[in-house]
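Here is what each chain is made of, one letter per residue.
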Amino acid sequence: MTSSEVLAMYENIADMSHQMVTAARSSDWDGLSKLEGQCANEARGATAGAVPALSGAPRMRKIDLLKQILANDREIRNVTEPWMTQLSNVMQAPQHMR
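Bear in mind the structure is a predicted one, so any value in this text is a computation, not a measurement. (Residues numbered from 1 in each chain as written. Predicted model: local features only at pLDDT ≥ 70, side-chain atom pairs only at ≥ 80, totals over all residues. Heavy atoms only, no water.)

1. Concerning the overall build of the protein chain
- Along the backbone of the protein chain there are three helices and zero strands.
- Traced from its N-terminal end to its C-terminal end, the protein chain shows the element sequence α-α-α.
- Against the compact-globule benchmark of 13 Å for 98 residues, the protein chain has a radius of gyration of 17 Å, which places it well outside the compact range.
- Each of the three principal axes of the protein chain carries a C-alpha extent, and together these read 60 × 20 × 20 Å.
- Considering only intrachain contacts with a sequence separation of at least 6, the fraction spanning at least 24 residues in the protein chain is 73%.
- In the form shown here, the protein chain has an accessible surface area of approximately 6700 Å², with 54% of it arising from carbon and sulfur atoms. (Helix = DSSP H or I, 4+ residues; strand = E, 2+ residues; numbered from the N terminus. Rg over C-alpha atoms; globule rule 2.2 N^0.38 Å. Contact = heavy atoms within 4.5 Å. Areas by Shrake-Rupley, 256 points an atom, 1.4 Å probe, with all protein chains shown as cover.)

2. Some remarks on helix H2 (residues 29-47)
- Here H2 spans 26 Å end to end across 19 residues, near enough to the 27 Å set by a 1.5 Å rise per residue.
- What H2 keeps buried is the set Gly 31, Leu 32, Leu 35 and Cys 39. (Expected span 1.5 Å × (residues − 1). Buried < 20%, exposed > 50% of the residue type's maximum accessible area, 1.4 Å probe, protein only.)

3. Quick word on the side chain of Thr 80
- Considering the arrangement of structural elements, one finds Thr 80 in helix H3 (residues 56-92).
- Given the relative accessible area of 15%, Thr 80 is considered buried.

4. Some details on the confidence of the model for the protein chain
- Mean pLDDT for the protein chain: 88, with 93% of residues reaching 70 or above.
- Here H3 is the element of the protein chain with the lowest mean pLDDT, 89, and helix H1 (residues 3-25) is the one with the highest, 95. (pLDDT = per-residue confidence, 0-100.)

5. Digging into the pattern of salt bridges
- Considering all chains together, one arrives at four salt bridges under this definition.
- A salt bridge links Arg 61 to Asp 64, with the nearest nitrogen and oxygen atoms 2.7 Å apart. Here Arg 61 and its partner Asp 64 are both found in helix H3, three residues apart, which amounts to about one turn of the helix.
- Here Arg 77 makes a salt bridge to Asp 73, at a shortest N to O gap of 2.9 Å. (Salt bridge = Lys/Arg side-chain N within 4 Å of Asp/Glu carboxyl O.)

6. Re the nonpolar core
- With 18 residues, the main nonpolar core has Tyr 10, Ile 13, Met 20, Leu 32, Cys 39, Ile 69 and Ile 76 as its most contacted residues.
- By residue number, the principal contributor to this core is H1, which donates eleven residues.
- Those residues in contact with Ile 76 that sit more than four places away from it in its chain are Ser 17, Met 20, Val 21 and Leu 32. (Core = buried A, V, L, I, M, F, W, Y, C linked by side-chain atoms within 4.5 Å.)

7. Points about the environment of Ala 24
- Considering the arrangement of structural elements, one finds Ala 24 in helix H1.
- When the C-alpha positions of Ala 24 and Gly 37 are compared, they lie 14 Å apart, and in sequence the two are 13 residues distant.
- Aside from chain neighbours lying at most four places away, what touches Ala 24 is Trp 29, Leu 32, Val 79 and Thr 80.

8. Let's talk about unusual backbone geometry
- Despite not being glycine, Ser 27 shows a phi value in the positive range, around 55°.
- Position of Ser 27 among the secondary structure elements: in the loop between H1 and H2.

Take a look at the structure:
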């Protein structure tokens with residue numbers, strides 16, 4: 001994998017994570033799930049062990065992309081966690097209260 005391919009991979013992941021934020025904000029759970037799967041497939045390249053270390057400007061770009069991905073992940077959790085808590089509470093409620 002070349003440094004250009006590494007950056008392209010992180011660019012794709014950052015773009016998909018941004019799309020996931022949009023899907024979460026609009027309560028598009030099917031879209032979010034689909035994007036999550038696509039993102040996981042793309043991220044497998046980062047864990048395959050064939051990713052070269054970057055230096056200089058490419059390294060700084062990778063760090064910037066990772067920050068974007070983490071910020072998007074945080075926003076997705078901010079949207080989904082309250083919904084998941086609410087769903088969990090409903091599912092745990094006694095049958096006659098549903």
